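# A closer look at the structure
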Amino acid sequence: QQQVKQSPQSLIVQKGGISIINCAYENTAFDYFPWYQQFPGKGPALLIAIRPDVSEKKEGRFTISFNKSAKQFSLHIMDSQPGDSATYFCAASKPGGGADGLTFGKGTHLIIQP
Amino acid sequence: NAGVTQTPKFQVLKTGQSMTLQCAQDMNHNSMYWYRQDPGMGLRLIYYSASEGTTDKGEVPNGYNVSRLNKREFSLRLESAAPSQTSVYFCASSEISGGFQETQYFGPGTRLLVL
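As a starting point, this report considers the structure included with it. If you're wondering where the values come from, they're calculated on a predicted model, not measured in any experiment.

### Describing the nonpolar core
- Phe-33, Trp-35, Phe-73, Leu-75 and Tyr-88 of chain A are the most contacted members of the largest nonpolar core, which totals 24 residues.
- Every element with two or more residues in this core is listed here: β2 (10–14), β3 (19–25), β4 (33–38), β5 (45–50), β7 (62–67), β8 (72–77), β9 (86–92) and β11 (108–113) of chain A.
- Top element by residues in this core is β9 of chain A. It accounts for four residues.
- The residues contacting Phe-73 of chain A, other than those within four sequence positions of it, are Ile-21, Asn-22, Cys-23, Tyr-25, Phe-33, Trp-35, Ser-65, Phe-66, Cys-90 and Ala-91 of chain A.
- Membership of the second largest hydrophobic core comes to 20 residues, among which are Val-66, Phe-74, Leu-76 and Tyr-89 of chain B.

Pasting the structure below:
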């Protein structure tokens, strides 16, 4: 059972455009929703994260929108730049983390065309 | 401050061979993890350690063993490698603060090819 579904698998956006990646989760016990960014040959690195007590979090050009009733959250990258080209993973975890660790989506390969 | 380090960076094994992947963190975190990453599958948890001397199975533990040697080090062992274990392996560490999962920090990965 895939607990976090991510779409699209791949995305091509023109420089300066808005990149949008969506995730949906099933387990209402999840209380932490991070987005990780991964460049080729590197480990994932935390980009931005949100907890369900807020509906939106913004850090620079990156925004998470969270819809608790729909069990969905999304990443918006404003003014997308070629340096944003990477694979993005959404994830979710339960209180206390533990052996469940982070449940990851399958990733979105984002290409920003100059 | 190196964060999370992993060795080796790359390894080629023959089916049936054994090896140990090493991981160390210098952030004084209690929690450590081993994930595998396969194309189109995201990252899947192999094993988790909440503290020195404790380990728990994750989503895909079959064919692996782990050892939490001390607070800094968490190793992953393949006793008899199989081609299905060809993957990129990531170690991560984090803290649980006030009952909440904090940021997981990942190492650079070990790329393993089993022939």
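So, next bit.
### A few points about the state of the cysteines
Residue and element names in this part refer to chain A.
- As enumerated under the stated definition, the model contains two disulfides over all chains in all.
- Residue pairing for Cys-23: its cysteine sulfur links by disulfide to Cys-90, the two sulfurs lying 1.8 Å apart. In this structure the cystine formed by Cys-23 and Cys-90 twists about its S-S bond by roughly -90 degrees; its chirality is therefore left-handed. Taken together, the positions of Cys-23 in strand β3 and Cys-90 in strand β9 put the pair 67 residues apart, joining distant regions of the chain. The same class applies to Cys-23 and to Cys-90, which are both buried.

### Considering the sheet that holds β3 of chain A
All names here are of chain A.
- The strand order across the open sheet built from five strands is β1-β3-β8-β7-β6, with neighbouring strands paired in antiparallel fashion. Every other strand in the sheet has two partners, leaving β1 (4–7) and β6 (56–59) as the edge strands with one partner each. Pairwise comparison of adjacent strand axes, ignoring direction, gives a mean angle of 15 degrees for this sheet.
- One ladder, built from four bridges, connects β1 with β3; its direction is antiparallel. Along β3, the bridge assignment pairs Val-4 with Tyr-25.

### Topic: the pairing of strand β8 (residues 74–78) of chain B
All names here are of chain B.
- Counting buried positions along β8 yields four of five residues, so the element is predominantly enclosed.
- With three bridges connecting them, strand β3 (residues 19–25) and β8 associate as antiparallel partners. Along β8, the bridge assignment pairs Leu-21 with Leu-76.
- Taken together, the four bridges between strand β7 (residues 65–68) and β8 define a ladder with antiparallel strand orientation. Bridge pairing in β8 places Val-66 opposite Leu-76.
- What sits between the antiparallel neighbours β7 and β8 is a turn of five residues.

### Regarding the interface of chain A and chain B
- With 23 residues of chain A at the contact, the number on the chain B side is 24 residues.
- Taking both partners together, chain A and chain B bury about 1700 Å²; carbon and sulfur atoms supply 57% of that area.
- Joining chain A to chain B, the criterion identifies zero salt bridges.
- Taken together, the links from chain A to chain B amount to four residue pairs in polar contact (both at pLDDT 80 or more).
- For the side of chain A that touches chain B, the per-class residue count stands at nine nonpolar, nine polar and five charged.

### Quick notes on the sheet that holds strand β1 (residues 4–7) of chain B
Residues and elements named next belong to chain B.
- If you walk across this open sheet you meet the four strands as β1-β3-β8-β7, and the pairing is antiparallel. Two strands bound the open sheet, and with one partner strand each, they are β1 and β7. Here the average twist between neighbouring strands, direction ignored, is 15 degrees.
- Sheet topology note: the β1/β3 ladder contains four bridges and is antiparallel. Residue pairing for β3: Gln-6 is matched across the bridge by Cys-23.

### Describing the pairing of strand β6 (residues 54–57) of chain B
Residues and elements named next belong to chain B.
- Relative to β6, strand β5 (residues 42–51) runs antiparallel, the two being bridged by three bridges. The residue bridging Tyr-48 from the neighbouring strand is Asp-56, located in β6.
- Hairpin connection from β5 to β6: two residues lie between these consecutive antiparallel strands, with Gly-53 at a positive phi of about 85 degrees.

The rules behind the values
Residues numbered from 1 in each chain as written. Chains lettered and ligands numbered in written order. Predicted model: local features only at pLDDT ≥ 70, side-chain atom pairs only at ≥ 80, totals over all residues. Heavy atoms only, no water. Core = buried A, V, L, I, M, F, W, Y, C linked by side-chain atoms within 4.5 Å. Buried < 20%, exposed > 50% of the residue type's maximum accessible area, 1.4 Å probe, protein only. Helix = DSSP H or I, 4+ residues; strand = E, 2+ residues; numbered from the N terminus. Contact = heavy atoms within 4.5 Å. Disulfide = S-S within 2.5 Å. Pairing = 2+ DSSP bridges. Axes fitted to C-alpha atoms, helices over the stretch in contact; angles between N-to-C directions. Buried area = accessible area lost by both parts, 1.4 Å probe. Salt bridge = Lys/Arg side-chain N within 4 Å of Asp/Glu carboxyl O. Polar contact = N/O pair within 3.5 Å; in protein donor to acceptor, adjacent residues only side chain to side chain. Nonpolar A, V, L, I, M, F, W, Y, C, P; charged D, E, K, R; others polar.

Taken by themselves, the reported measurements are silent on function.
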